[in-house]
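# Residue-level structure breakdown
Spelled out, the chains give:
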Amino acid sequence: MIYLIWKSLIKAVFAHGNQQLCVGMCLLAVAASAVLVPAARCDFADDFNRSDGPVDNGWSSWWNNEQPSPGHIRIENNELRTEGSLGKAGGVFRQLPVTFPLQCSFDFRTASTQDECHSPPHFHNDGGWWIIFNCDSSGTPAPAYGLAALEFYQVAGSRNIVQKYLTPSGWVIVERPGALEPITDWVDFSSVFSYIDIFVNQDFSATVTITHPSLPEPITVSFPAAVNPVSSPPGDQLMLCNTNCTSGPHYFDNFTLIEVPVATPTPAPVPISSPAGMAVLLFVFSLVLAGQLTLHK
Ligand SMILES: [Ca+2]
């Protein structure tokens, strides 16, 4: 039956000398079924280029037990200036729920020349970064100390890069490359900006690339997919802060966050023998028979 209908359609179309129409109709079902559905995106960027003073632009700040802390966390020379605090750090946060995959990047540098406070025998410079996605707002003194879906941080620069994510049974902490510290051929952050680039997939597998001005090649580490992460994020806060106990100061600049569009898998072409394929054929065939299609020789 299908063969007969198809043969009739081909015969009718070719009888009018319009091969393009035939080919076009054959592709119709395929084209109609191939639909990309982009996900909603929530992109954000801040170059901190504004007058010295409070961070503003929607950010809240904290330092130690102060929240807000405009004296310690502020804009300085078009950069975000932060200070560390023993066990409490300092930085900024804002309501910015994100979905994955995403790519974010920022510059980081530190004016600190002091040893890291928690790393006896103290051979690391105390300057490091910390970024947190989808944390709740219940933490004290800041959301950084509550629950979060996902975090990345690195202390010093010559230490391992850390991924931390939440599961129903608690935190999971993954260190990469998992090498003895200080890591051979890595360097601590300095007064000159390094560039941090993070790409996170939907399964929380991730790549972190750090470009130091003093190294000939970027440092790149990869993290595997998360195992049993919480199914829904505990909050909607984004945090950007230092990991330090010294005053630093520690500086950030050129923060960007881009949610990468996710394309749904392209549906398989509608088989000519399927109900949808049959409907298309019958519709075209009926038009041909009724003389409603203009066929050009
Ligand atoms: Ca800037």
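Remember, it's a predicted structure, so these values are computed and weren't measured experimentally. (Residues numbered from 1 in each chain as written. Predicted model: local features only at pLDDT ≥ 70, side-chain atom pairs only at ≥ 80, totals over all residues.)

Attention now goes to unusual backbone geometry. The residue after Phe-100, namely Pro-101, is reached through a cis peptide bond having omega 10°. Position of Pro-101 among the secondary structure elements: in the loop between strand E5 (90-95) and strand E6 (102-110). Residue Gly-248 is joined to Pro-249 through a cis peptide bond whose omega torsion reads -5°. Note on placement: Pro-249 falls in the loop between strand E14 (237-242) and strand E15 (250-259). Even without being glycine, Asp-56 reaches a positive phi, approximately 55°. Within the fold, Asp-56 resides in the loop between strand E1 (44-46) and strand E2 (60-63). The phi angle at Asn-254 is positive, at roughly 50°, despite the residue not being glycine. (Helix = DSSP H or I, 4+ residues; strand = E, 2+ residues; numbered from the N terminus.)

This brings us to the confidence of the model for the chain. For the chain, per-residue confidence averages 82 on the pLDDT scale, and 73% of positions sit at 70 or higher. Predicted confidence for residues 1-39 stays below pLDDT 50, and this span has 45 contacts to residues more than four positions away or in other chains. (pLDDT = per-residue confidence, 0-100. Contact = placed C-beta atoms within 7 Å.)

Here the focus is the sheet that holds E5. Taking strand neighbours across the sheet as the criterion, the seven strands line up as E2-E5-E14-E7-E8-E9-E10 in an open arrangement whose pairing is antiparallel. Two strands bound the open sheet, and with one partner strand each, they are E2 and strand E10 (170-176). The sheet shows a mean angle of 15° between the axes of neighbouring strands, taken without regard to direction. With five bridges joining them, strand E8 (residues 148-154) and strand E9 (residues 161-167) adopt antiparallel strand pairing. Paired with Gln-154 across the strands is Ile-161, a residue of E9. (Pairing = 2+ DSSP bridges. Axes fitted to C-alpha atoms, helices over the stretch in contact; angles between N-to-C directions.)

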